[in-house]
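Examination of the molecular architecture
Residues per chain, in single letters:
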Amino acid sequence: MENFTSARDKLLTLGLVGLGLAHELNSPLTATGLGLELLADRLRRPDPPSPAEAAEAVDRVLSRIRRMAALVDRFRQFARGEGGRPTWVELDAVADGVHALVRPTLAELTHIALVRGDRLPGATVYADRLLLEQALAIAVLNAADALGDREGCIELHVAPHRPGWVRVDVDDDGPGFDSVNDSVELGFSTKGDDGMGVGLALAKGIVESAGGTLEASNRDEGGARLRTCLPVRPSAAGGAAD
Ligand SMILES: Nc1ncnc2c1ncn2[C@@H]1O[C@H](COP(=O)(O)OP(=O)(O)OP(=O)(O)O)[C@@H](O)[C@H]1O
Ligand SMILES: [Mg+2]
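Only a predicted model underlies this, so the values are computations on that prediction, with no experimental measurement involved.

What follows is about the site of ligand 1. Surrounding ligand 1, one finds 19 residues, the nearest of these being His-23, Asn-142, Ser-189, Thr-190 and Lys-191. At a separation of 2.5 Å, an oxygen atom of ligand 1 approaches a polar side-chain atom of Thr-190. Here ligand 1 loses 92% of its free accessible area of 610 Å² to cover by the protein chains. Elements that contribute at least two residues to the shell around ligand 1 include exactly α4 (129-147) and α5 (199-209).

The subject of this paragraph is the nonpolar core. One finds Leu-91, Val-125, Leu-132, Val-140 and Ile-154 to be the most contacted residues of the largest nonpolar core, which totals 53 residues. For this core, the element with the highest residue contribution is α4, accounting for 12 residues. The residues that make up this core include at least three from each of domain 1 (2-79) and domain 2 (87-231). Dropping the residues within four chain positions of it, Val-125 is found in contact with Thr-87, Trp-88, Val-89, Leu-91, Leu-132, Val-166, Leu-230, Pro-231 and Val-232.

With that out of the way, let us pick up the environment of Ser-179. If you trace the backbone, Ser-179 turns up in the loop between β5 (165-172) and α5. Residues Ser-179 and Arg-119 lie 60 residues apart in sequence; the distance between their C-alpha atoms is 29 Å.

Conventions and cut-offs
- Residues numbered from 1 in each chain as written.
- Chains lettered and ligands numbered in written order.
- Predicted model: local features only at pLDDT ≥ 70, side-chain atom pairs only at ≥ 80, totals over all residues.
- Heavy atoms only, no water.
- Near = heavy atom within 4 Å.
- Polar contact = N/O pair within 3.5 Å; in protein donor to acceptor, adjacent residues only side chain to side chain.
- Areas by Shrake-Rupley, 256 points an atom, 1.4 Å probe, with all protein chains shown as cover.
- Helix = DSSP H or I, 4+ residues; strand = E, 2+ residues; numbered from the N terminus.
- Core = buried A, V, L, I, M, F, W, Y, C linked by side-chain atoms within 4.5 Å.
- Buried < 20%, exposed > 50% of the residue type's maximum accessible area, 1.4 Å probe, protein only.
- Domains from an automatic or database assignment.
- Contact = heavy atoms within 4.5 Å.

Structure below.
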């Protein structure tokens, strides 16, 4: 029975990793293809970009490809139950990384403001930075989906939680979760053909592999909140350690 359970868990993890990779690679692959198409078009024009400009465009594509390669590498470790490559990372730096990661996507959605809110300098957690950024980016992009065409705001706050823990909240002022309990389950989606219900299950898997918790709720003032709580490094000067 024990073997059955662990084999089943392993299959579930592998399934999540496969779906998760497809989920996370889809947009950067599309963006990479578009970036290269655009560059090829510009190079064929009678007034092509200078070699320096072309090199810059290639560098942007290359950095996306490097991030995708790193993601594949981390997901393989995640599949082995190793939780990626954890190190001590400052949670503020992770939240800043998320902000930078999603900014290009949100830049086109000028009706949505992205705010990097409260900070907690010195609060350090033990996690795979790349995977944790990816998990929080999922929350931000879901919030943008939920806002749709309406004007709104997405905020990222790092704050102390209960003693020994810190948290990152991704808050929005959209319609809130239809079903707070179901939304983080694998396969639950309210987006019809546009959603597979993979994002939040993957984010939860990543956060739990770092010893944390991920919780969806609706805010009293309206809108959704996705709260990620993680154990903080005991010596961290952030006011959150006990
Ligand atoms: N910020 C939010 N506000 C309101 N509802 C949300 C928010 N984030 C997620 N949801 C709800 O949770 C569901 C599950 O989200 P999840 O990211 O797991 O899947 P999805 O976005 O539907 O599809 P995908 O697999 O492409 O991510 C969504 O379909 C939506 O109903
Ligand atoms: Mg999603």
